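# Coordinates in review
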Amino acid sequence: MGKPLGVGIVGVGNISTQYLTNILYLSNLKLIGVSDLNESRQDEVASAYSVKSMSGDSIFTDPDIDVILNLTLPQSHAEINLKALMNGKHVYLEKPFAPTVDEGTPVLELAAKKGLRIGCAPDTFLGTGIQSSKFMIDSGAIGSPFAATASWSAPGHEIWHPAPQFYYQKGAGPLFDMGPYYLTALVFLLGPVVKVIGNSMRSNRSRKVHTGDLAETPLTIQVETHISALLTHESGAQSTIMVSFEVWGSCLPTIEVYGTSGTIIVPDPNAFSDIPKIYTTKDQEWRTVGEKAGFRSTGRGIGLSEMATAITENRAHRASGALGAHVLEVMESILVSAKGDQRVDIKSRVDDIPPVPLT
Ligand SMILES: NC(=O)c1ccc[n+]([C@@H]2O[C@H](COP(=O)([O-])OP(=O)(O)OC[C@H]3O[C@@H](n4cnc5c(N)ncnc54)[C@H](O)[C@@H]3O)[C@@H](O)[C@H]2O)c1
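Residues numbered from 1 in each chain as written. Predicted model: local features only at pLDDT ≥ 70, side-chain atom pairs only at ≥ 80, totals over all residues.

### Some remarks on the site of the ligand
The environment of the ligand is made up of 22 residues, and the closest members are Gly11, Gly13, Asn14, Ile15 and Glu94. Sorting elements by how many residues they give to the shell around the ligand places helix α4 (residues 74-86) first, with three residues. In terms of residue class, the shell around the ligand is built from nine nonpolar, eight polar and five charged. (Near = placed C-beta within 6 Å. Helix = DSSP H or I, 4+ residues; strand = E, 2+ residues; numbered from the N terminus. Nonpolar A, V, L, I, M, F, W, Y, C, P; charged D, E, K, R; others polar.)

Encoded structure:
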């Protein structure tokens with residue numbers, strides 16, 4: 001293995017803890033420095049991980065940093081990505097790719113123009129749960145897949161997140177926040193989406209912060225809080241998805257894929273290694289699926305590590321900006337469809353994503 005990719009993290013809030021921990025175990029990545037609008041948080045994290053505390057724009061020009069890991073809020077994703085690419089850095093960002101297709105497109109274009117990589121979470125689909133499900137589908141275990149359902153619901157992230165206002169601003173809500181896990185998995189399992197029909201609603205429930213320093217602060221709601229949609233994949237398969245910040249109890253989340261000779265229960269795509277279950281006409285009972293493919297015992301950051309390997313091997317990476325942008329177009333189109341009461345065609349496509357051998 002050559003020199004590890006030097007990583008600079010912009011935005012060291014809630015989710016950064018998982019990346020900061022995992023990068024320590026991903027040998028082709030080396031954390032160089034961190035930056036945050038909140039300088040005391042920036043200093044605290046830099047000191048805890050013995051890396052540079054980088055104020056202002058210094059993180060974008062540091063010669064030891066090869067890739068900016070953008071963990072800021074959705075509303076800042078495009079701006080930070082463009083700044084990083086302008087300075088010759090690769091980018092990997094948390095989902096969603098951008099709050100709108102209009103904001104995301106120049107990022108993809110600039111990365112292509114500069115010959116730089118852009119990767120986008122979620123990377124959960126690289127874990128054994130979804131990869132083993134895909135292995136079973138590809139091996140014909142359920143016959144020909146023709147449909148899927150995907151569902152995630154909760155009362156709202158304000159129950160646990162100490163600064164949840166951003167979840168109710170444009171670029172978030174249950175669709176843009178949780179949708180990327182389910183839609184990315186569906187695209188990986190069944191291929192790109194070509195058209196959507198959406199339905200949505202926004203309740204008038206009053207919401208407030210539940211935990212932390214901001215507890216009891218009222219939240220302003222600027223997004224749809226319950227969304228359902230029908231998707232048609234290029235293969236002809238149909239998916240049904242529901243995501244909601246309105247539901248008080250559910251035994252889901254999960255994805256089910258239906259084939260002509262069986263069904264596979266794909267585990268929660270917000271996790272990496274849960275175990276799929278399969279029912280086939282041959283066995284006529286539910287069985288668990290062992291690890292067949294994917295990265296074992298992994299966590300957030302594996303998509304960036306896989307991107308680093310792909311750079312070294314001069315091949316495409318899997319958790320790509322193109323995939324993030326396709327999922328973004330699907331999400332935006334669901335809302336357009338819901339508003340206009342019409343079917344919307346999806347313009348973008350993604351190439352088949354090669355499976356990950358059991359690693
Ligand atoms: N919290 C989770 O469980 C979770 C899980 C998966 C993905 N994500 C995604 O990760 C991203 C961050 O979420 P979070 O929960 O960590 O949010 P957060 O509010 O806890 O943290 C965001 C951090 O980014 C900093 N920041 C914002 N704009 C900045 C800028 N322009 N420059 C530098 N720093 C800036 C903020 O000061 C803050 O410290 C979001 O896109 C979210 O969808 C979060």
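### Quick word on the sheet that holds strand β8 (residues 193-201)
Pairing is mixed in the open sheet, where nine strands are placed in the order β14-β13-β12-β11-β7-β10-β9-β8-β15. Every interior strand has two partners, whereas the edge strands, β14 (286-288) and β15 (344-345), have only one. Where β8 lies against β15, two bridges are found, and the strand directions are antiparallel. In the strand pairing of β15, Lys195 is matched with Asp345. Docked against the sheet, helix α7 (residues 173-190) engages β7 (145-153), β8, β9 (226-233), β10 (238-244), β11 (254-259) and β12 (262-266), running at close to 160 degrees with respect to β10. Of the strands in this sheet, β8, β9 and β15 touch helix α9 (residues 321-340), which is tilted by about 55 degrees from β8. (Pairing = 2+ DSSP bridges. Contact = placed C-beta atoms within 7 Å. Axes fitted to C-alpha atoms, helices over the stretch in contact; angles between N-to-C directions.)

### Quick word on the nonpolar core
Counting residues in each nonpolar core, the largest one holds 101 residues, and the members touching the most others are Val7, Leu69, Tyr182, Ala185, Leu186, Leu189 and Ile334. A total of 12 residues in this core trace back to one element, the largest contributor, which is α7. Dropping the residues within four chain positions of it, Leu189 is found in contact with Ser133, Lys134, Ile137, Ala148, Val257 and Val266. (Core = buried A, V, L, I, M, F, W, Y, C linked by C-beta atoms within 7 Å. Buried ≥ 20, exposed ≤ 12 C-beta atoms within 10 Å, placed from the backbone.)

### Some thoughts on unusual backbone geometry
At the junction of Lys95 and Pro96, the peptide bond is cis and its omega measures out at -5 degrees in the coordinates. Tracing the backbone shows Pro96 in the loop between β5 (90-93) and α5 (101-114). Residue Pro122 is bonded to the preceding Ala121 through a cis peptide linkage, with omega at 5 degrees. Following the sequence through the fold, Pro122 ends up in the loop between β6 (118-120) and α6 (128-138). Even without being glycine, Gln284 reaches a positive phi, approximately 55 degrees. Along the polypeptide, Gln284 turns up in the loop between β13 (277-280) and β14. For Gln284, a count of 8 C-beta atoms within 10 Å puts it in the exposed group.

### Thoughts on the environment of Val243
Along the chain, Val243 turns up in strand β10. Sequence separation between Val243 and Ser55 is 188 residues; the distance between their C-alpha atoms is 38 Å.

### Looking at the domain arrangement of the chain
What the domain assignment reports for the chain is domain 1 (5-120) and domain 2 (124-295 + 325-345). For domain 1 versus domain 2, the separation of C-alpha centres amounts to 26 Å. For the side of domain 1 that touches domain 2, the elements supplying multiple residues, two or more each, are α4 and α5. For the side of domain 1 that touches domain 2, the leading source of residues is α5, giving three residues. (Domains from an automatic or database assignment.)

### What about the sheet that holds β5?
What the six strands build is an open sheet, ordered β3-β2-β1-β4-β5-β6; its pairing is parallel. Edge positions in the sheet fall to β3 (52-53) and β6, since each has one partner strand and no second. Two elements, β5 and β6, share three bridges in a ladder whose sense is parallel. Paired with Leu93 across the two strands is Cys120, which belongs to β6. Relative to strand β1 (residues 5-10), helix α1 (residues 16-23) is tilted by about 165 degrees, and along the sheet it contacts β1, β2 (29-35) and β4 (67-70).

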